[in-house]
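Fold and contact review
So you can see what is in the structure, the chains are spelled out below.
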Amino acid sequence: MKPIQFAENLKLLMKENELTQVKLASALGFSQSAVSAWLLGKKEPSITSLWLLADYFDLTIDELIGRKNF
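In what follows, the accompanying structure is described. (Residues numbered from 1 in each chain as written. Predicted model: local features only at pLDDT ≥ 70, side-chain atom pairs only at ≥ 80, totals over all residues. Heavy atoms only, no water.)

Turning to the pattern of salt bridges, a few remarks are in order. In this structure the tally under the stated criterion is 1 salt bridge. The partner of Arg67 in a salt bridge is Asp62, with the nearest N and O atoms 3.5 Å apart. Residue Asp62 is classed as partly exposed on the basis of its relative accessible area of 25%. (Salt bridge = Lys/Arg side-chain N within 4 Å of Asp/Glu carboxyl O. Buried < 20%, exposed > 50% of the residue type's maximum accessible area, 1.4 Å probe, protein only.)

A few words on the packing of aromatic side chains. Working definition: an aromatic ring pair is given by the centre-to-centre distance plus the angle between the planes. Across all of its chains, the model carries 3 aromatic pairs by this definition. Centroid distance Phe6 to Trp38: 6.2 Å. Interplanar angle 75 degrees. Geometry classified as edge-to-face. Of the two residues, Phe6 is situated in helix H1 (residues 6-16) and Trp38 in helix H3 (residues 32-39); the sequence distance between them amounts to 32 residues. In this pair, the class of Phe6 matches that of Trp38, namely buried. Ring geometry for Phe30 versus Trp38: centroids 5.0 Å apart, planes at 80 degrees, classification edge-to-face. Like Phe30, the residue Trp38 is buried in the burial classification. An aromatic cluster of at least three residues, connected via ring pairs, comprises Phe6, Phe30 and Trp38. (Phe/Tyr/Trp six-rings, centres within 6.5 Å; stacked < 30°, edge-to-face > 60°. Helix = DSSP H or I, 4+ residues; strand = E, 2+ residues; numbered from the N terminus.)

Below, the discussion takes up the packing of H1 against H3. The geometry of H1 relative to H3 is characterised by a closest axis approach of 8 Å and an angle of 120 degrees between their N-to-C directions. If you check the angle between H1 and H3, you find them oblique. Residues Phe6, Ala7, Leu10, Lys11 and Met14 of H1 touch H3, and the partners they reach there are Val35, Trp38 and Leu39. Considering only residue class, the contact of H1 with H3 consists of 7 nonpolar, no polar and 1 charged. (Axes fitted to C-alpha atoms, helices over the stretch in contact; angles between N-to-C directions. Parallel < 35°, antiparallel > 145°, perpendicular 65-115°, else oblique. Contact = heavy atoms within 4.5 Å. Nonpolar A, V, L, I, M, F, W, Y, C, P; charged D, E, K, R; others polar.)

Next comes the structure, spelled out in structure tokens:
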């Protein structure tokens, strides 16, 4: 089974889209501290948060967490 690569993928997507933690959090109604915790691997997002992030970046959740390439 492939390891979950959510934090690495989120970092890459944010860089590609020139998003700061604050901009992403504001756009989707998350706290900046939640985004920071996800990027550091301290916490994992809820399924609702994954759904919102996947829609925002026009990906599937599987792509977002690294089960499939985007």
